[in-house]
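The chain contents come next:
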Amino acid sequence: MSKPEAADAILERILKSFGLDGKLREWRAVQLWPEVVGEAIARHTRAEKVFRKKLYVLVDSPAWKQQLHFLKQDMVSRLNAAAGGDVVRDIQLTVGKI
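Each chain has its residues counted from 1, following the order in which its sequence is written. Where local features are concerned, this predicted model is filtered to residues with pLDDT of at least 70; where side-chain atom pairs are given and counted, the filter is 80 or more; whole-chain, interface and lining totals use all residues. With hydrogens and water excluded, all non-hydrogen atoms of the structure serve as input to the side-chain values.

Novice: I tried to follow the nonpolar core on my own but got confused; where do I start?
Specialist: Generally speaking, a soluble globular protein has its nonpolar side chains buried in company with each other. The definition of a nonpolar core used throughout is a set of buried Ala, Val, Leu, Ile, Met, Phe, Trp, Tyr and Cys residues joined through side-chain atoms within 4.5 Å. Here's how the labels work: a residue is buried when its accessible area is under 20% of the maximum for its type, exposed when over 50%, partly exposed in between, all with a 1.4 Å probe on protein chains only. Grouped together as the largest cluster of nonpolar side chains are 21 residues, with contacts concentrated most on A29, W33, L55, V57, V88 and I91. The element that contributes the greatest number of residues to this core is helix 2 (residues 21-37), accounting for six residues. Setting aside residues up to four positions removed in sequence, L55 forms contacts with V30, W33, A47, K49, V50, L79, V88, D90, I91 and Q92. Under the DSSP-based scheme used, a helix requires at least four consecutive residues in state H or I and a strand at least two consecutive residues in state E, with every element numbered from the N terminus. Any pair of residues with heavy atoms lying within 4.5 Å of one another is described as a contacting pair.

Novice: What's the story with the pattern of salt bridges in this structure? I'm lost.
Specialist: Oppositely charged side chains can pair when the atoms bearing their charge come close. When a carboxyl oxygen of Asp or Glu is within 4 Å of a side-chain nitrogen of Lys or Arg, the pair counts as a salt bridge. One pass over the structure, following the stated rule, counts eight salt bridges. Measuring nitrogen to oxygen at the nearest pair gives 3.8 Å for the salt bridge that ties K53 to D86. Here D86 lies in the loop between helix 5 (72-83) and strand 3 (90-95) and K53 lies in the loop between strand 1 (45-51) and strand 2 (54-59), a separation of 33 residues in the sequence. A residue is classified by how much of its surface remains accessible, and D86, at 41% relative accessible area, is partly exposed. A salt bridge links D86 to R89; the nearest nitrogen and oxygen atoms lie 2.9 Å apart. When salt bridges with common partners are traced through the structure, they connect K53, D86 and R89 into a single cluster.

This is the structure in structure tokens:
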């Protein structure tokens, strides 16, 4: 008798078999945004989607957009580590209503 497998591992294996594991990691990157960037940044931003390895993020002011521009590479590295792969290569910051 084999050891029971966790539900998330089963789901990941099924998604991979359909070629959707990349989409799962993209979804994870969006969901993990507040945790990865921290509470202070999360209050002023909202991750929207990943498209062609670019994470689209709304920022509530031009000042925050400018500040985050300098942190993009660090945020990309931390997001990829948290999401489990090469999910994001760039972040597109856009001022908008959060």
